[in-house]
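An overview of the molecular structure
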Amino acid sequence: GSRPSGGGGAAAAAAAIARFAAPQASTAEQRVQACASRLAGSARCVDALIASLERAIANPEDERCRKVSLTNKAFRERVGSVPGGVDFLYAVGFEPMHGHLVLQRRDTALLWVGKAALQAAQESLAYRGSKEALQLREALQLSS
């Protein structure tokens, strides 16, 4: 005989309630915000992560927008080599899988928290100094 789907009853309900409990949610948000503030001094990393989160938020069904190759040269330079870059991706829900970081569970609210935290980092003096230094390096490379 087939039973109605969604079995697990009380245990499933308790797990769902625990997942949405305020203390745990605020801990996840605090972790995201702490990771984002650590990245403020790396404008390239902050900008790359914002672009990545925007793609994931806008295209939740597109796996390409929810997956990052750890061996990708641009990823390694902009995010992977920056202390806290990969930690930020873990904090918003990316998980390691077969040489990639993959956004398995789509917690859109946490992605928005991450984007807002990175945008707040863009307002910091550390970010602005990093952005100016980056623009200066790029200008010097173009002129040489």
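Residues numbered from 1 in each chain as written. Predicted model: local features only at pLDDT ≥ 70, side-chain atom pairs only at ≥ 80, totals over all residues. Heavy atoms only, no water.

1. Details of the side chain of Ser130
Examined against the element boundaries, Ser130 turns out to sit in helix H7 (residues 125-143). In this structure, Ser130 is in contact with Gly41, Ser42 and Ala43, ignoring residues within four places of it in sequence. (Helix = DSSP H or I, 4+ residues; strand = E, 2+ residues; numbered from the N terminus. Contact = heavy atoms within 4.5 Å.)

2. Overview of helix H6 (residues 108-121)
Under the 1.5 Å per step criterion, the end-to-end length of H6 is 20 Å for 14 residues, consistent within 8% with the ideal 20 Å. Buried residues of H6: Leu110, Leu111, Val113, Gly114, Lys115, Ala117, Leu118 and Ala121, and no others. (Expected span 1.5 Å × (residues − 1). Buried < 20%, exposed > 50% of the residue type's maximum accessible area, 1.4 Å probe, protein only.)

3. Focus on the pairing of strand S2 (residues 94-97)
Pairing of S2 with strand S3 (residues 100-103) involves four bridges; the strand directions are antiparallel. Residue pairing for S3: Met97 is matched across the bridge by His100. Here S2 folds back onto S3, and the loop between the two strands holds two residues, one of which, His98, carries a positive phi near 50°. (Pairing = 2+ DSSP bridges.)

4. Examining the nonpolar core
The biggest cluster of nonpolar side chains holds 31 residues, and the ones touching the most others in it are Leu39, Leu49, Phe88 and Leu118. For this core, the secondary structure elements donating two or more residues are helix H2 (22-38), helix H3 (43-58), helix H4 (73-80), helix H5 (85-91), S3 and H6. The contacts of Leu39, once residues within four sequence positions are left out, are Cys45, Val46, Leu49, Val82, Pro83, Gly84, Gly85, Phe88 and Leu118. (Core = buried A, V, L, I, M, F, W, Y, C linked by side-chain atoms within 4.5 Å.)

5. Side note on H3
The end-to-end C-alpha distance of H3 is 22 Å, a good match for the 22 Å that 16 residues give at a rise of 1.5 Å each. Where H3 is concerned, the buried positions are Ala43, Cys45, Val46, Leu49, Ile50, Ser52, Leu53, Ala56 and Ile57. Buried residues in H3 make contact with H4, H5, S3, H6 and H7.

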